[in-house]
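# Inside the fold
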Amino acid sequence: MSTQHVNPPARRIRGRRGALANFVDTLLDVKLAVLDLLGPAELVSLSQTSKELRRMLMDNQRLWKAARLKVEDLPERPVYLSEPQYAHLMFSNVCHNCGRRSAIWALYCWNVRYCRLCKSLKEVDVQEYAELLEEIRSTTAVAETPFYVLNDTVHIPEVEKFRAEWDALEGDPEGRTRLVNERVANIALRRKFQGEAMDWERLRSYKRKAEIKSIKAGRLENIKARIQAEGLLADPNLIDDTDLARQPFAKKIAPLTDNGWQCIRNEVKEFIELRMTQRLRRERALKLATCIEQWRPIFKDWAEEWDAEDYDPDDLQAFKRVKLGDFLMMDEIKAVTEDSAEGSASGAIAPGRLKLTLRQLESMVERWYTSRREDLKKLLVKAIPGLPTDVAEPAELAIALFDCADPRCGAKFMQYPDVLDHRCFHIRAATWRACGYSASYEDIVQEHFADRHEPIPWERNHVRVNTRVVARFAGEIVRVCGLDPFAATPRAMDRRGARMTCGTCKVKGVKKDIGLEVFDWRRALHHQASEVHREETEPCRWVVLPEEVSVQVREYEDKLRAAPGPLCYERESFACARKRERCFRAWYFDDMLEHVRSEHGVEGELVLWEHYFARITMAENDLLHGTFLRLSRTGDVEVFSIYKKAEEVKESKEDKGKTVQRAQQRRKKAKDSR
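First, a word on scope: everything that follows refers to the structure included in this document. Position labels on residues start from 1 in each chain and follow its written sequence. Selection of residues for local features in this predicted model requires a pLDDT of at least 70, selection of side-chain atom pairs for listing and counting requires 80 or more, and totals for whole chains, interfaces and linings are taken over all residues. Side-chain metrics in this entry use all non-hydrogen atoms of the structure; hydrogen atoms and water are not considered.

## Some thoughts on the overall build of the protein chain
The test is simple: Under the scheme used here, helices are H or I runs from DSSP no shorter than 4 residues and strands are E runs no shorter than 2 residues, and both carry numbers assigned from the N terminus. The cut-offs for exposure are 20% and 50% of the maximum accessible area for each residue type, with area from a 1.4 Å probe on protein chains only; residues under the lower value are buried, those over the upper are exposed, and the others partly exposed. Throughout, a contact is declared for two residues whenever any of their heavy atoms are within 4.5 Å. For the area figures, the Shrake-Rupley method with a 1.4 Å probe applies, and any residue is considered shielded solely by the protein chains shown.
When helices and strands are counted, the protein chain shows 26 helices and 15 strands. Burial status across the protein chain gives 40% buried among its 674 residues. Long-range contacts, defined here as pairs at least 24 residues apart, represent 64% of the contacts in the protein chain between residues at least 6 apart. For the protein chain, the accessible surface area stands at approximately 39,700 Å², while carbon and sulfur atoms represent 51% of it.

This is the structure:
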């Protein structure tokens, strides 16, 4: 294939501004010779440059006619339009009302061009002139309408002009009849011209599209020839014509010149390099996918052979928290997988390299947990300035509370080691989108699991410390329970078994008619972050209940957990109201407040229904929210829950439905008996 380039003719460069400033002062013969070379569009533009040129052009109908005859397939000029009027109607983009260059509508039937606003101002429904039309029909007996009706609308200036002429002929029935007949005949001419003009406009659009298509095809072929001539693309099958034609440098509607190629050469080179990177990534991802699927049954066998009690009797879920993606990120597994993917054509791992002993496996799991604790420790040290340096494992403290990094997720106050089991769907979707075209091992593995809706490898940036609760409130709750915030673990807090009420809510009279809500230390954390204490900066005044009352509450809680079926409770959620499609959802108001301030620039207080929406949803009540105390009629302390079991709610609804049905049947029988 020849690689010679045939340069297209150079474009005409627009002259400097003011180059025609002395054109008016030139000789008349020279001016006429220049103007004879122009088309109607150029004459229209030239007539808008100065008063002198406009006056000269409007007085010379021959120039306009000669220019009109140069345009191919242009409809004949209607008799009711002059040559300049016809040229301005067909080739100008200036609004005939406001003068803006945005007249996208050529209303040939009304002989005007309007912008969007002026069109709406200059048209009205034909029924607005119903009285005038009735008067015309009763006076002249002519059935046709004497002004052009377009889509049930009429041109206001045309109707008002007709009304003025109609009123001037008052008392002259013959004159009025003649006026109406003349207008009806004029409408017939305009209707014919409307069809011819629309056909010409469509034909011109088709020709322009064909011209643009030809220019783009020539530009694309020129780009391909230059790529091959300069050796930018080693494999011609890497890029197809459709992909190349979609790029901005190929879509430009202009022939490609030598200077134009130098301007886009770097863009073309970057595009080719990107496609090469994508192909290499796809090839590597296919090989790594083969290796990952080889590890899957091996990982399943490990899970069956794992002795959870022997590894950690206090944490039987230790191995289940480590997912397949986490194993693939471990150094030993990663080395074997990468070597196999790069060393063989198929990417398959040799069977001998898939065997690992349980002792090696336990060592890998222990190192993974150690690494995760270090990640969480870094988050805590940054979030808690006063954290003592002698704390061995900060991640295992009761005050170490972690939230999902995505505010749309409702996972709050997670603690170690359960936080390692959190693989949020929102984080997984974001990871799938963020991997992009990176060919790194870590990104390919992340995308592999995200694409299959499987748990992705755990990373530190998937969670965040709940700074507000951890730094201000969690320590006070631990102290009230009689333990050291920088030494107490969640297990120690659970063994302590303290139950408490909120003294702040008691003073405010919150839910006074129900009783006193009672909290364990986990429910107290949620209560401190709830809407009731949203604006407060100081911890609640917690009142620890006597041991005998705490025992009674714990027995009631055990009874609730032992009952079949889940316990649900009402939970508030929030959605952004600043856009048509609610762009953000959150379970906690603080997250919604941060979103509205940062994304939409709202200052001051947030207004419900204007800045955000709030709704009540039913969520699973694992922590037994809604547990209350009250005094019975006998003076004993009574523990109860304001939320029912899901089965109880369902049964109550069914019972209510049956009761309503029986009542309807009784009313029907009574009606029939009457």
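## Digging into the sheet that holds strand 8 (residues 500-502)
Put simply, the test is: Pairing between two strands is assigned when DSSP locates at least 2 bridges connecting them. Axis angles are defined between N-to-C directions and span 0 to 180 degrees, where every axis is a line fitted to C-alpha atoms and, for a helix, only to the segment in contact.
On the basis of which strands lie adjacent, the open sheet formed by 5 strands has the order 10-8-9-14-15 and antiparallel pairing. On the outer flanks of this sheet lie strand 10 (542-544) and strand 15 (637-641), each paired with one strand and no other. In this sheet, adjacent strand axes meet at a mean angle of 40° when their direction is disregarded. The pairing of strand 14 (residues 627-631) with strand 15 spans 5 bridges and is classified as antiparallel.

## Comments concerning the pattern of salt bridges
Working definition: two side chains of opposite charge can pair if their charged atoms are close together. Using the following cut-off: Just to be clear on terms, a salt bridge is a Lys or Arg side-chain nitrogen sitting within 4 Å of an Asp or Glu carboxyl oxygen.
Overall, the coordinates contain 41 salt bridges when judged by the stated rule. Here D421 and K323 are joined by a salt bridge, their closest N and O atoms 3.5 Å apart. Residue D421 is found in the loop between strand 6 (402-404) and helix 18 (425-434), and its partner K323 is found in the loop between helix 14 (318-321) and helix 15 (324-329); the two are separated by 98 residues along the sequence. Note on D421: relative accessible area 40%, which makes it partly exposed. Through salt bridges that share partners, R68, E76, R77 and E83 make up one connected network.

## What to know about a negative patch on the surface
To keep things clear, this is the line we draw: Only residues whose relative accessible area exceeds 30% and that take part in no salt bridge are eligible for patches, with like-charged residues grouped when within 9 Å of each other and nonpolar side chains (Val, Leu, Ile, Met, Phe, Trp, Tyr) grouped when within 5 Å. Under the counting rule used here, the positive set is Lys and Arg, the negative set is Asp and Glu, and His together with the chain ends is not counted. Every charge is mapped to an atom, namely NZ of Lys, CZ of Arg, CG of Asp or CD of Glu.
Taken together, the side chains of D307, E309, D310 and E362 make up a negatively charged region of the molecular surface. For D310, the location among the structural elements is in helix 13 (residues 308-311).

## Here we look at the sheet that holds strand 5 (residues 153-155)
Strand order in the open sheet formed by 3 strands is 3-5-4, and the pairing between neighbours is antiparallel. Sheet topology places strand 3 (123-125) and strand 4 (149-150) at the edges, where each strand pairs with a single neighbour. Sheet analysis places strand 3 next to strand 5, joined by 3 bridges and oriented antiparallel. Counted as the bridge partner of D125 is T153 from strand 5. Sheet strands touched by helix 8 (residues 156-168): strand 3 and strand 5. Its angle to strand 5, the strand with the most contacts, is close to 65°.

## Describing the packing of aromatic side chains
Applicable threshold: Stacked, tilted and edge-to-face are the three classes assigned to paired rings of Phe, Tyr and Trp, where Trp is represented by its six-membered ring and a pair needs centres within 6.5 Å; plane angles under 30 degrees give stacked, over 60 edge-to-face, the rest tilted.
Counted by the stated rule, this structure contains 15 aromatic pairs. Between W295 and W302 the ring centres are 6.2 Å apart and the planes differ by 45°, which places this aromatic pair in the tilted class. For W302, a relative accessible area of 6% gives the class buried. Ring-pair connections join several aromatic residues into one group, and the members of that group are W295, F299, W302, W306, F319 and F327.

## As for empty space enclosed by the protein
Gaps left between atoms show up when a probe the size of a water molecule is rolled over them. Rules: For each structure, a 1 Å grid was placed over the protein atoms alone; sets of points admitting a 1.4 Å probe that cannot get out are labelled cavities, open sets with protein on both sides within 12 Å along at least five of seven lines are labelled pockets, and lining residues have an atom within 4 Å of a point. Grid points are joined across faces, edges and corners, and a volume is the space filled by probe spheres set on the points.
The full count for this structure, using the stated rule, is 1 cavity of 30 Å³ or more. Reported here for the largest cavity is a volume of approximately 40 Å³. Around the largest cavity, the lining residues are P40, W64, R68, L74, E83, Y86, A87 and F91. If you list the elements that add at least two residues to the lining of the largest cavity, you get helix 4 (61-69) and helix 5 (83-91). With 4 residues, helix 5 is the single largest residue contributor to the lining of the largest cavity.

## Quick look at the pairing of strand 14
Here strand 9 (residues 516-519) pairs with strand 14 via 2 bridges, running antiparallel. Its bridge partner lying in strand 14, E517 is registered against F628.

Structural measurements only, silent on function.
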